[in-house]
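Residue-level structure breakdown
The chain contents come next:
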Amino acid sequence: MSYSTADRLRTVTLDDVRGAHKMLSGVARTTAMEGSRHLSAQVGAPVLLKCENLQRTGSFKLRGAYVRIAGLLPEERAAGVVAASAGNHAQGVALASSLLGVHSTVFMPKGAPLPKISATREYGAEVRLHGQVVDESLAAAQEYARETGAVFIHPFDHPDIIAGQGTVGLEILEQCPEVRTIVVGVGGGGLAAGIAVAVKSVRPDVRIVGVQAEGAAAYPPSLAAGRPVSLSHPVTMADGIKVGRPGDVPFALVGELVDEVCTVTEDELSAALLLCLERAKLVVEPAGASPVAALLSRPEAFEGPVVAVLSGGNVDPVLMERVLRHGMAAQGRYLAVRLRLTDRPGALASLLGALSVVDANVLDVSHVRTDPRLGLTEAEVELHLETKGPAHCAEVQQALRDAGYTVMG
């Protein structure tokens, strides 16, 4: 069972968001607002972080899921609910359903991170692994809804979902009444649409900026066309905003109320995630770090006070390791060099001694003697180094050249 045409045509109002806010009292946390001195210095105005990564289930998704399920008729609740997700929406639906006494079935792709699968089960959902990507899980969930009568809970394309997510906007106005700009990540558009409804209804002067990953940016072409446009192959590490087509309901609201939708690169997402961890001591997933990435890439473009919404913190540890390495590399804090040595005792020790003089931390050494490309008395060494930035990288490479080594890459 899916929502009706009437639901598609129903708009979302400030009263809807306020009603959702009352409904969520005692269910969703009023998440913290933390100042960032580093970002404030970059922007030249106060920057605050709205920490939805500290929300129950680790993201804002509980808000909309609870409002949607709480609004079902008794006979709809009795039929249960079904959803499809690789992570945040799955956990939001699972917990909301458990709190409301509704059976939930969640379809997740077979490759979903194990911590997210386990968390969804622990929150009370019946998890079914289907397909390799979320789109395949989504098709399976919709088929399950048709076969069983379960209510399909869309992650963003429903007025109740948007009203629930809009409660983040009400909290921002309460916590930072002088806010001038709100920056929020955009996937399908439910969070941005909800925040825009709540904020613009009270403070139309506040600028709302949406942020998409460059490789999964469906909103700019959709807004230009005046209708939702599908991307064939969205690609980004930020799976929370990796959506190939805007939702019909949020698209109309974003087009009317959001002032700008910009994009950020994968390097900028990595750097933002690293900054959140190092400077703010906050674990944030790539999608949640997208507003910070936008601030870092164009600090002069935002009038303060600025609130950046950290939408979630459910990052797989394996992905976290990769993203942190990528972020450090993007900042020039990793250096990979390859060079050849005379294959004699002590040659490698001499090389490492030259690196210690310039304070480069060796993370990994690959020492090859048997490659047919090498001469009889040669060895090739590849080094992965931790450095202090681009200037230090250049210093390390010059020190190796000064010591008589030929740096090959």
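Residues numbered from 1 in each chain as written. Predicted model: local features only at pLDDT ≥ 70, side-chain atom pairs only at ≥ 80, totals over all residues. Heavy atoms only, no water.

**Section: the overall build of the protein chain**
What counts is decided by this rule: Elements are defined by DSSP. Helices are runs of H or I of four residues or more, strands are runs of E of two residues or more, and each kind is numbered from the N terminus. Here's how the labels work: a residue is buried when its accessible area is under 20% of the maximum for its type, exposed when over 50%, partly exposed in between, all with a 1.4 Å probe on protein chains only. Contacts are assigned to residue pairs with any non-hydrogen atoms lying within 4.5 Å of each other. Working definition of accessibility: Shrake-Rupley area with a 1.4 Å probe, residue cover restricted to the visible protein chains.
In terms of helices and strands, the protein chain carries 17 helices and 13 strands. Counting only C-alpha atoms and orienting by the principal axes, one finds that the protein chain spans roughly 80 × 50 × 40 Å. Residue burial in the protein chain is summarised as follows: out of 409 residues, 55% are buried. Excluding contacts between residues fewer than 6 apart, the proportion of contacts in the protein chain whose partners are at least 24 apart in sequence is 73%. Looking at the protein chain as shown, the accessible area adds up to about 17,200 Å², and 51% of this sits on carbon and sulfur atoms.

**Quick word on the sheet that holds strand 8 (residues 207-213)**
Stated formally: Whether two strands pair depends on DSSP finding at least two bridges between them. Only the contacting stretch of a helix is used when fitting its axis, a line to C-alpha atoms as for every element, and angles between N-to-C directions run 0 to 180 degrees.
Read across the sheet, six strands follow the order 1-2-10-7-8-9 without closing on themselves; strand pairing throughout is mixed. Single-partner strands in this sheet number two, and they are strand 1 (33-35) and strand 9 (260-264). Strand-to-strand, the axes of this sheet are offset by a mean angle of 25°, without reference to chain direction. Judged from the five bridges that link them, strand 2 (residues 47-51) and strand 10 (residues 306-310) form a sheet pairing that is parallel. The partner of Lys 50 across the bridge, within strand 10, is Val 309.

**Looking at the packing of helix 4 (residues 61-70) against helix 9 (residues 159-175)**
To be explicit about the condition: If an angle is under 35 degrees, it is roughly parallel; if it is over 145, roughly antiparallel; if it lies from 65 to 115, roughly perpendicular; otherwise it is oblique. Throughout, a crossing is termed right-handed when the near helix is turned clockwise from the far one, and left-handed when it is turned anticlockwise from it by less than a right angle. By the convention adopted, Pro, Cys, Tyr, Trp, Phe, Met, Ile, Leu, Val and Ala count as nonpolar, Lys, Arg, Asp and Glu as charged, and the other residues, Gly among them, as polar.
Running from N to C, helix 4 and helix 9 point in directions that differ by 135°, and their axes come no closer than 7 Å. Classified by the angle between their axes, helix 4 and helix 9 sit oblique to one another. Helix 4 and helix 9 meet at a crossing whose hand is right-handed. Contacts between helix 4 and helix 9 involve Lys 61, Arg 63, Gly 64, Ala 65, Val 67 and Arg 68 on the former and, on the latter, Asp 160, Ile 161, Gly 164, Gln 165, Thr 167, Val 168 and Glu 171. Of the residues that constitute the contact of helix 4 with helix 9, the class distribution is four nonpolar, four polar and five charged.

**Thoughts on the side chain of Ser 311**
Within the secondary structure, Ser 311 sits in the loop between strand 10 and helix 15 (317-330). Note on Ser 311: relative accessible area 9%, which makes it buried. Excluding residues that lie within four positions of it along the chain, Ser 311 makes contacts with Glu 52, Asn 53, Gly 58, Ser 59, Phe 60, Leu 191, Ala 287 and Gly 288.

**Focus on the packing of helix 2 (residues 14-23) against helix 10 (residues 190-202)**
In the contact formed by helix 2 and helix 10, the axes pass within 9 Å of each other and the chain directions differ by 115°. Taken as axis vectors, helix 2 and helix 10 run roughly perpendicular relative to one another. For the crossing formed where helix 2 meets helix 10, the hand is left-handed. Between helix 2 and helix 10, the contacting residues are Leu 14, Val 17 and Arg 18 on the first element and Val 197, Ala 198, Ser 201 and Val 202 on the second. Considered class by class, the residues forming the contact of helix 2 with helix 10 number five nonpolar, one polar and one charged.

**A closer look at the sheet that holds strand 5 (residues 126-129)**
Strand order in the open sheet made by the four strands is 5-4-3-6, with parallel pairing throughout. Both edges of this open sheet fall to strand 5 and strand 6 (151-152), since each of them pairs with a single strand only. Alignment of strand 4 (residues 104-108) against strand 5, held across four bridges, turns out to be parallel. When the bridges of strand 5 are listed, Met 108 appears paired with Leu 129.

**Quick word on the environment of Ala 198**
Within the secondary structure, Ala 198 sits in helix 10. The sequence separation of Ala 198 and Leu 14 amounts to 184 residues, and the corresponding C-alpha distance is 5.4 Å. Beyond its immediate sequence surroundings of up to four residues, Ala 198 is in contact with Leu 14, Val 17, Gly 166, Gly 169, Leu 170 and Leu 173.

**A word on helix 14 (residues 286-297)**
Extensive coverage of helix 14 is indicated by the burial of 10 of its 12 residues. The complete set of buried residues in helix 14 reads Pro 286, Ala 287, Gly 288, Ala 289, Ser 290, Pro 291, Val 292, Ala 293, Ala 294 and Leu 295.

**As for helix 16 (residues 347-357)**
The condition that has to hold: Here, the arc refers to the directions that run from the helix axis to the C-beta atoms.
By the burial criterion, the buried members of helix 16 are Ala 347, Leu 351, Ala 354 and Leu 355. Projection of helix 16 onto a plane perpendicular to its axis shows the buried side chains occupying an angular sector of 100°, all on one side. Opposite the packed face of helix 16, turned more than 90 degrees from it, sit the exposed residues Ala 349 and Val 357. Backbone geometry just downstream of helix 16 places Asp 359 in the positive-phi region, at approximately 60°.

**A short note on unusual backbone geometry**
With an omega dihedral of 0°, the bond running from Gly 304 to Pro 305 counts as a cis peptide bond. Among the secondary structure elements, Pro 305 is positioned in the loop between helix 14 and strand 10. For Thr 57, which is not glycine, the phi dihedral falls at a positive 70°. Mapped onto the fold, Thr 57 is located in the loop between strand 2 and helix 4. Assessed through its relative accessible area of 5%, Thr 57 is described here as buried. Positive phi outside glycine occurs at Asp 359, with the angle close to 60°. With respect to the helices, strands and loops of the structure, Asp 359 is situated in the loop between helix 16 and strand 12 (361-368).

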